[in-house]
Amino acid sequence: ETLMGMTTEKGILPKSDVYFMTPSSLARRLFFYTICAGHFYYDDSYYLEREDYHSFLLLDIRRGKAKVWSGGKEMIVSAGEMVLLDCHVPHGYASLGNLETMWLHFDGETAGTYYQMLHDGREACVLLREAKEAGRILRKLYENPLLQEAERSLLLDQILLQFFIFINRQKIKM
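How each quantity is defined
- The residue numbering used here restarts from 1 in each chain and proceeds along that chain's sequence as written.
- pLDDT decides what is reported in this predicted model: residues at 70 or higher carry local features, side-chain atom pairs at 80 or more are listed and counted, and totals for whole chains, interfaces and linings draw on all residues regardless.
- As a rule here, side-chain values cover all heavy atoms of the structure and leave hydrogens and water aside.
- What is meant by a nonpolar core is a set of buried Ala, Val, Leu, Ile, Met, Phe, Trp, Tyr and Cys residues, joined one to another through side-chain atoms within 4.5 Å.
- Exposure classes here rest on a 1.4 Å probe applied to the protein chains alone. A residue is buried below 20% of its type maximum, exposed above 50%, and partly exposed in between.
- We count a stretch as a helix when DSSP gives it H or I for four or more residues in a row; a strand needs E for two or more, and each element gets its number in order from the N terminus.
- A contact between two residues is defined here by any heavy atoms of the two lying within 4.5 Å.
- Residue count minus one, scaled by 1.5 Å, sets the expected span of a helix.
- Within this analysis, the arc is defined by the directions that extend from the helix axis to the C-beta atoms.
- Centre distance within 6.5 Å is the pairing criterion for rings of Phe, Tyr and Trp, where only the six-membered ring of Trp is used; planes under 30 degrees apart are then read as stacked, over 60 as edge-to-face, and the remainder as tilted.
- We count a charge as sitting over a ring when the NZ of a lysine or the CZ of an arginine lies within 6 Å of the ring centre and within 35 degrees of the ring normal.
- We define a salt bridge as a side-chain nitrogen of Lys or Arg found within 4 Å of a carboxyl oxygen belonging to Asp or Glu.
- For two strands to count as paired, DSSP must find a minimum of two bridges between them.
- Throughout, an axis means a line fitted to C-alpha atoms (over the contacting stretch in the case of helices), and angles, computed between N-to-C directions, take values from 0 to 180 degrees.

This next bit is on the nonpolar core. Met82, Leu84, Phe106, Ile159 and Phe163 are the most contacted members of the largest nonpolar core, which has 53 residues in total. The element that contributes the greatest number of residues to this core is helix α4 (residues 149-173), accounting for seven residues. Setting aside residues up to four positions removed in sequence, Met82 forms contacts with Leu58, Leu59, Asp60, Val126, Leu127, Leu128, Ala131, Ala134, Gly135, Leu138, Ile159 and Phe163.

Structure representation (structure tokens):
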């Protein structure tokens, strides 16, 4: 089941939109599954802080800059970058001026394991600096909310593999 909508949160501009999905019991057991996704435009007043949102967040910075924090650490992310954030723990993010993002909250049986493998604990979240391909895949997920759950899971896995490849390349350079 997919529900489309708009948001009225402070700092999110009216042209933004969001959809929510209810995964099947099969998807909850076997796949990565989408909880909600959006394409948001923000002014400089946007600020969100949460204790827990029971998911992981892919946040693709399309335009502008944002501050992201978790675990007592924070980082600034810019256009062309994507972050993977554990929303099971206290976290937040804020616009730094005008900002455009495409984002997706997801979860799944192995999502936590993926995150632990990718996150070294030194930063607030996992950063993908060269996010063009991952952003293209995220856009496909966002623009096609009626994709089959298995296909959505495959695309989410492809995004996570982009993080994995980027991190391994960084380690090789060291």
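Under the 1.5 Å per step criterion, the end-to-end length of helix α3 (residues 132-143) is 16 Å for 12 residues, consistent within 8% with the ideal 16 Å. Ala134, Gly135, Ile137, Leu138, Leu141 and Tyr142 are the residues of α3 that are buried. What you see down the axis of α3 is that its buried residues fit within an arc of 160°, all on one side.

Turning next to the packing of aromatic side chains. A complete count under the given rule lists 10 aromatic pairs for this structure. Measuring from ring centre to ring centre gives 6.0 Å for Phe32 and Phe106, while their planes differ by 85°; the resulting arrangement is edge-to-face. Highlighted residues: Phe32 in strand β3 (residues 32-42) and Phe106 in strand β10 (residues 99-108), separated in sequence by 74 residues. Phe106 shares its class with Phe32; the two are buried. By way of ring pairs, the aromatic residues Phe32, Phe56, Phe106, Tyr114 and Tyr115 are connected into one cluster. Above the ring of Tyr41, the side-chain terminus of Lys15 is found at 4.3 Å from the ring centroid. Geometry around Tyr53 places Arg50 over its ring, the cationic atom sitting 4.0 Å from the centre.

Another point: the pattern of salt bridges. Within this structure, the stated rule accounts for six salt bridges. Note that Arg62 is salt-bridged to Asp60, the shortest N-O span being 2.8 Å. Taking the relative accessible area as the measure of exposure, Asp60 reaches 4% and is therefore buried. The partner of Arg63 in a salt bridge is Glu100, with the nearest N and O atoms 3.3 Å apart. Of this pair, Arg63 sits in strand β5 (residues 56-63) while Glu100 sits in strand β10, and the two are 37 residues apart along the sequence. Classification of Arg63 as partly exposed rests on a relative accessible area of 42%.

A word on the sheet that holds strand β6 (residues 65-70). Across a sheet, strands are paired by hydrogen bonds formed along the backbone, either parallel or antiparallel in direction. Judged by pairing direction, the sheet is antiparallel, and its four strands sit side by side in the order β4-β9-β6-β7 without closing on themselves. At either end of the open sheet lies a strand with only one pairing partner, and these are β4 (47-50) and β7 (73-78). Adjacent strand axes in the sheet meet at a mean angle of 15° when their direction is disregarded. Pairing of β4 with strand β9 (residues 91-95), which is carried by four bridges, proceeds in the antiparallel orientation. Within β9, the position partnered with Glu49 by the bridge is Gly92.

Interpretation note: all reported values are geometric properties and have no functional meaning in isolation.
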